[in-house]
Amino acid sequence: MKAWYEELNSRERSILLLGGGALLLMLLYSLLWSPLSAESERLQRDIESQRATLAWMQQAAQQVKASGMVNNTRRGAEGESLLTLVDRTAKKAVLGGNIKRVQPDKEGAVRIWLEGVEFNSMMRWLATLSREYGVVLGNSNIEKQSTAGLVDARLTLKRSRS
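Attention here is on the structure that accompanies the text. Within each chain, residue numbers correspond to sequence positions counted from 1 in written order. With pLDDT at 70 or above as the cut-off, local features in this predicted model cover only qualifying residues; side-chain atom pairs require 80 or more to be listed or tallied, and sums for whole chains, interfaces and linings still use all residues. Hydrogens and waters are ignored; side-chain quantities use all the structure's heavy atoms.

### Notes on the pattern of salt bridges
Put simply, a salt bridge is a Lys or Arg side-chain nitrogen that is within 4 Å of an Asp or Glu carboxyl oxygen. A complete count under the given rule lists eight salt bridges for this structure. Lys 91 serves as the salt-bridge partner of Asp 87, at 3.2 Å between the closest nitrogen and oxygen. Note that Asp 87 and Lys 91 are positioned in helix H3 (residues 82-92) at a spacing of four residues, about one turn of the helix. For the exposure calls, accessible area comes from a 1.4 Å probe over protein chains only, and a residue counts as buried if that area is under 20% of its type's maximum, exposed if over 50%, partly exposed in between. Under the relative-accessibility criterion, Asp 87 is labelled partly exposed at 26%. Here Glu 132 ties to Arg 131 by a salt bridge, and the two come within 3.9 Å at their closest N and O atoms. Since its relative accessible area comes to 24%, Glu 132 is described here as partly exposed. Linked by salt bridges that have partners in common, Glu 39, Arg 42 and Asp 46 make up one network. Numbering goes from the N terminus for both helices and strands, where a helix is a DSSP run of H or I of at least four residues and a strand is a run of E of at least two.

Put into structure tokens, the structure is as follows:
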């Protein structure tokens, strides 16, 4: 290859060197610079999107704080056990007749068995427990009945850790 190059006249050597240099520059641009530049632009767009999301979340957090929804959950009467709270609110939600069994568990949770309960009523009751008393659903096993809208449910309820 060296012998071939030395046989070329000086004009051909110059053209070959310039062409090789141009080819090297094009390869560097297409293999390095262009992909890095495109990735940098994508990351900049991602950063802007994340900043917009952060601004929205901060605004939403301010609205939630202003509405008094944070740290404003009632925990029932002082000293009221979770077992009592669950039983009382279930009866208030007209689920009392559907309760087949209520049992406390070792970790402070309450297991409750409901039979033939209207699904929507049960979900409203669970939402009220969560929203107003800080009680969360630990486990659930819900089975539909042959009658539309009615279910049998085994639920484990516990106080949230917040």
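### Re the sheet that holds strand E2 (residues 110-118)
If you walk across this open sheet you meet the four strands as E1-E2-E4-E3, and the pairing is antiparallel. At either margin of the open sheet sits one strand with a lone partner, and together these are strand E1 (99-104) and strand E3 (135-144). Strand-to-strand twist in this sheet, taken as the mean axis angle between neighbours without regard to direction, amounts to 20 degrees. Here a strand pair is declared whenever DSSP counts at least two bridges between the two strands. Across nine bridges, the pairing between E3 and strand E4 (residues 150-159) is antiparallel. Within the sheet, the bridge partner assigned to Ile 142 lies in E4 and is Ala 153. Helix axes are fitted only over the stretch in contact, all axes being lines through C-alpha atoms; the angle between N-to-C directions runs from 0 to 180 degrees.

### Description of the packing of aromatic side chains
Note on aromatic pairs: the rings of Phe, Tyr and Trp (six-membered ring only in Trp) are paired at centre separations within 6.5 Å, and the planes decide the class, stacked below 30 degrees, edge-to-face beyond 60, tilted for the rest. Across all of its chains, the model carries zero aromatic pairs by this definition. Taking NZ or CZ as reference, Arg 13 lies 5.5 Å from the ring centre of Tyr 5, over its face. As a reminder, the over-ring test applies to NZ of lysine and CZ of arginine, requiring each to be within 6 Å of the ring centre and within 35 degrees of the ring normal. Across from the ring centre of Trp 113, 4.6 Å away, lies the NZ or CZ of Arg 101, which sits over that ring.

### Points about a nonpolar patch on the surface
Each patch is built from salt-bridge-free residues with over 30% relative accessible area, joining like charges within 9 Å and nonpolar side chains (Val, Leu, Ile, Met, Phe, Trp, Tyr) within 5 Å. Only the protein chains shown count as cover for residues, and the accessible areas themselves come from Shrake-Rupley with a 1.4 Å probe. Nonpolar side chains collect at one region of the surface, where Leu 23, Leu 24, Leu 25, Met 26, Leu 27, Leu 28, Tyr 29, Leu 31, Leu 32, Trp 33 and Leu 36 lie side by side and expose about 1,200 Å² of accessible area between them. Its location among the elements puts Tyr 29 in helix H2 (residues 10-67).

### What about helix H4 (residues 119-133)?
Along its 15 residues, H4 runs 21 Å from first to last C-alpha, staying within 8% of the 21 Å computed at 1.5 Å per residue. Taken residue by residue, H4 has Ser 121, Met 122, Trp 125, Leu 126, Leu 129 and Tyr 133 as its buried positions. Axial view of H4: buried residues confined to an arc of 135 degrees, hence all on one face. Counted as exposed and oriented over 90 degrees from the buried face of H4: Arg 124 and Arg 131. Those residues of H4 that are buried lie in contact with H3, E2, E3 and E4. Here a helix's expected span is defined as the number of its residues, less one, multiplied by 1.5 Å. Here the arc refers to the directions that run from the helix axis out to each C-beta atom. Contacts between residues were defined by any pair of non-hydrogen atoms, one from each residue, lying within 4.5 Å.

### A look at the side chain of Thr 89
As for its position among the elements, Thr 89 is in helix H3. Polar contact is defined as a pair of N or O atoms within 3.5 Å, subject to the rule that within protein one atom must be able to donate a hydrogen and the other to accept it, and that residues adjacent in sequence are counted only when both atoms are side-chain atoms. A polar atom in the side chain of Thr 89 sits 3.0 Å from the side chain of Trp 125. In contact with Thr 89, not counting residues within four places along its chain, are Trp 125, Leu 129 and Tyr 133.

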